[in-house]
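Okay, here's what each chain looks like letter by letter:
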2 protein chains.
Amino acid sequence: MYKIIEVKQSVFEDNNKDAQRLRDECKEKGVFLLNVMSSPGSGKTTTLSRTIEQLKEVCHIGVMEADIDSDVDAKTISQYGVKTIQLHTGGMCHLDADMTRQGLYELGLENVDLAILENVGNLVCPAEFDTGSALNVAILSIPEGDDKPLKYPLMFQVCDVVLINKMDVLPYFDFDLENCKKNILYRNPNAKIFEICAKDGKGIQEWCDWLISRMKEWKDEYGVSK
Amino acid sequence: MYKIIEVKQSVFEDNNKDAQRLRDECKEKGVFLLNVMSSPGSGKTTTLSRTIEQLKEVCHIGVMEADIDSDVDAKTISQYGVKTIQLHTGGMCHLDADMTRQGLYELGLENVDLAILENVGNLVCPAEFDTGSALNVAILSIPEGDDKPLKYPLMFQVCDVVLINKMDVLPYFDFDLENCKKNILYRNPNAKIFEICAKDGKGIQEWCDWLISRMKEWKDEYGVSK
């Protein structure tokens, strides 16, 4: 089961400052906030399902599913036995820090050490709004084409990790994997890139191992004891 | 060859009124404005290439390629021998009526009877801004999933036509075609739906025949003589 929240627009004028406040609060409470962004249909929900399967025994996960409407994704994720909340944005094309906070408080910061935000499916606007996350992940799927980092610069600049998804259908599309990686690194030379197939689970282990080690680093860096 | 224009943000507060003004001007000048919207990577540019191949002998086509950055698409389209303009939105996630007007004036209303706007790849924001178009087309590709009309309600409400693209890869995805159509018609019972494959050209003829007949109706309805 999951709850549906109609998130309210932020009262804070400066989202960047507010995001920093939320980031500090998350550090204090030991909650690693993972912000997952992509185009519609890139496989965010399936990737999260696989990630949860891998990690639910090693950490307490809470998931926030942001959508303009519908609860299709929350329904899917809640079946994986983690606390799930559906955030309805009321037409808004992104989440900001305060909207994220409303979801986190509903999850309960005390109960969670990995909070995952599935942002609205949109390669433009979510990149413009810092959610207060510890880590930004972008998913880019093979059918979308290898030129996307050229066309949507900010998304690939702000993300720490890019998961290239739907690797199983690579043979059926004109997609140049090396060119795609080159385009990603052109936008962000520090981006970490994983090739995955959320459908059959390929590459998920490597991504999850890396995520766990990143969370450990984060805990050590900020002296998080939880 | 094509020109790159950095479009300026609209000075008009009421985009709906401004869109109506632009629509009236287009009728007067006999320019049928087609607004093409979709997620990133759904195949807008390939679909337009195929459409231009079919129609360039029967009407004067001008194309506006809207992107946040890059001129990948304008480069592609200009090879088809039609007047092409690249509109850079400077980070903006959509085009409004005045931005569209800047592009149309650059194309020259006198020279064109079918003006095609390839909107920014985004299933959310472009649906919120009337561009002054005579016809709105949404492209939904098979890899994105059949649930998209449920998650992105406004896009499917405002579009007159939905082109279901990448039909060639249907066997490789969990995509229920009938369910997709049901979801589209749930959002917009009047939507016209075509199944196409822009890559191999399947279904393009039917879509173009329909478009031509729709343009004729429009000319008759508004007494356009051009």
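Our subject is the structure that appears above.
A brief look at the structure comes next. (Residues numbered from 1 in each chain as written. Chains lettered and ligands numbered in written order. Predicted model: local features only at pLDDT ≥ 70, side-chain atom pairs only at ≥ 80, totals over all residues. Heavy atoms only, no water.)

Some points on the interface of chain A and chain B
And step 1. Contacts between the two partners involve 33 residues from chain A and, on the opposite side, 33 residues from chain B.
And step 2. Three residues stand out in chain A for area buried against chain B, namely Pro40(A), Lys151(A) and Tyr172(A), and they jointly supply 22% of the buried area on that side.
And step 3. The interface formed by chain A and chain B contains four salt bridges.
And step 4. Among the salt bridges present, the one from Arg187(B) reaches Asp69(A), with a minimum N-O distance of 3.6 Å.
And step 5. Counting the contacts that link chain A with chain B gives eight residue pairs in polar contact (both at pLDDT 80 or more). (Contact = heavy atoms within 4.5 Å. Buried area = accessible area lost by both parts, 1.4 Å probe. Salt bridge = Lys/Arg side-chain N within 4 Å of Asp/Glu carboxyl O. Polar contact = N/O pair within 3.5 Å; in protein donor to acceptor, adjacent residues only side chain to side chain.)

Some thoughts on the packing of helix α1 (residues 15-29) of chain B against helix α4 (residues 97-107) of chain B
Residues and elements named next belong to chain B.
And step 1. Contact geometry of α1 with α4 gives a least axis separation of 9 Å together with a crossing angle of 25 degrees. Looking at the two axes, α1 sits roughly parallel to α4. Residues Asn15, Asp18, Ala19, Arg21, Leu22, Glu25 and Cys26 of α1 lie in contact with α4, whose contacting residues are Ala97, Asp98, Thr100, Arg101, Leu104 and Tyr105.
And step 2. Grouping the constituent residues of the contact of α1 with α4 by class yields six nonpolar, two polar and five charged. (Axes fitted to C-alpha atoms, helices over the stretch in contact; angles between N-to-C directions. Helix = DSSP H or I, 4+ residues; strand = E, 2+ residues; numbered from the N terminus. Parallel < 35°, antiparallel > 145°, perpendicular 65-115°, else oblique. Nonpolar A, V, L, I, M, F, W, Y, C, P; charged D, E, K, R; others polar.)

Some words on the sheet that holds strand β1 (residues 3-6) of chain B
All names here are of chain B.
And step 1. Read from one edge to the other, the open sheet built from eight strands follows the order β1-β4-β3-β5-β2-β6-β7-β8, with strand pairing classed as parallel. Every other strand in the sheet has two partners, leaving β1 and β8 (192-195) as the edge strands with one partner each. Adjacent strand axes in the sheet meet at a mean angle of 20 degrees, parallel and antiparallel pairs treated alike.
And step 2. Two strands pair when backbone bridges link them, and strand β2 (residues 32-38) and strand β5 (residues 114-118) are joined in this way by five bridges, in the parallel orientation. From the neighbouring strand, asparagine 35 faces β5, where its bridge partner is leucine 117.
And step 3. Along the sheet, helix α8 (residues 204-222) contacts β2, β5, β6 (135-141), β7 (161-165) and β8; its crossing angle with β2, the most-contacted strand, is approximately 140 degrees. (Pairing = 2+ DSSP bridges.)

Here's the deal with empty space enclosed by the protein
A water-sized probe rolled over the atoms picks out the places where empty space is left.
And step 1. According to the stated counting rule, one finds one cavity of 30 Å³ or more in the structure shown.
And step 2. A volume near 60 Å³ is recorded for the largest cavity.
And step 3. Residue composition of the lining of the largest cavity, grouped by class: four nonpolar, six polar and four charged. (1 Å grid on protein atoms, 1.4 Å probe; cavity = no way out; pocket = protein on both sides within 12 Å on 5 of 7 lines; lining within 4 Å. Points joined across faces, edges and corners; volume = space filled by probe spheres on them.)

Brief notes about the environment of Gln20(A)
And step 1. Assignment of secondary structure puts Gln20(A) in helix α1 (residues 15-29).
And step 2. Owing to a relative accessible area of 35%, Gln20(A) belongs among the partly exposed residues under this scheme. (Buried < 20%, exposed > 50% of the residue type's maximum accessible area, 1.4 Å probe, protein only.)

Brief notes about the pairing of β7(B)
All names here are of chain B.
And step 1. Most of β7 sits inside the fold, with five of its five residues counted as buried.
And step 2. What you see with β7 is no split at all: Val161, Leu163 and Asn165 on one side and Val162 and Ile164 on the other are buried throughout.
And step 3. Note: β6 against β7, five bridges, orientation parallel. Opposite alanine 138, over in β7, you have valine 162 as the bridge partner.

Digging into the pattern of salt bridges
And step 1. By the definition in use, this model includes 28 salt bridges over all chains.
And step 2. Residue Glu217(A) is joined to Arg214(A) by a salt bridge in which the shortest nitrogen-to-oxygen separation is 3.5 Å. Of the two residues, Glu217(A) and Arg214(A) both sit in helix α8 (residues 204-222), three residues apart, roughly one turn of that helix.
And step 3. The salt bridge partner of Asp147(B) is Lys148(B), with a shortest N-O separation of 2.7 Å.

Looking at the relation of the copies chain A and chain B
The two chain copies are connected by a rotation around an axis plus a translation along it.
And step 1. Least-squares fitting of chain A to chain B yields an RMSD of 0.0 Å, with the transformation described by 0.0 Å of translation along the axis and a rotation of 180 degrees. A rotation of that kind, with that shift, is consistent with a two-fold axis.
And step 2. Counting the interface residues of chain A, we find that 100% of their copies in chain B are interface residues as well, pointing to one common contact surface. (Least-squares fit on C-alpha atoms with pLDDT ≥ 70 in both.)

Observations concerning the layout of surface pockets
And step 1. By volume, the largest pocket is sized at about 820 Å³.
And step 2. Forming the walls of the largest pocket are 41 residues, and the residues nearest its centre are Glu144(A), Gly43(B), Thr45(B), Thr46(B) and Lys166(B).
And step 3. Secondary structure elements with two or more residues in the lining of the largest pocket: α5 (148-151) of chain A together with α2 (44-55), β3 (61-67) and α3 (72-78) of chain B.
And step 4. At six residues, α2(B) tops the list of elements feeding residues into the lining of the largest pocket.
And step 5. Partitioned by chemical class, the residues of the lining of the largest pocket number 13 nonpolar, eleven polar and 17 charged.
And step 6. Size it by volume and the second largest pocket reaches roughly 690 Å³.
And step 7. Surrounding the second largest pocket, 38 residues form its lining, Gly43(A), Thr46(A), Lys166(A), Pro143(B) and Glu144(B) being those nearest its centre.
And step 8. Those elements that place two or more of their residues in the lining of the second largest pocket are α2 (44-55), β3 (61-67) and α3 (72-78) of chain A together with α5 (148-151) of chain B.

Describing α8(A)
And step 1. Counted at 1.5 Å a residue, the expected span for α8(A) with its 19 residues is 27 Å, and the 27 Å between its end C-alpha atoms agrees.
And step 2. When we look at burial in α8(A), the residues that qualify are Ile204(A), Trp207(A), Cys208(A), Trp210(A), Leu211(A), Arg214(A), Met215(A), Trp218(A) and Lys219(A). (Expected span 1.5 Å × (residues − 1).)

Some remarks on the environment of Gly145(B)
All names here are of chain B.
And step 1. Relative to the elements of secondary structure, glycine 145 occurs in the loop between β6 and α5.
And step 2. As a C-alpha pair, glycine 145 and glycine 90 span 55 residues in sequence and 30 Å in three-dimensional space.
And step 3. If near-sequence neighbours (up to four positions away) are discounted, glycine 145 is found in contact with Leu140 and Phe175.

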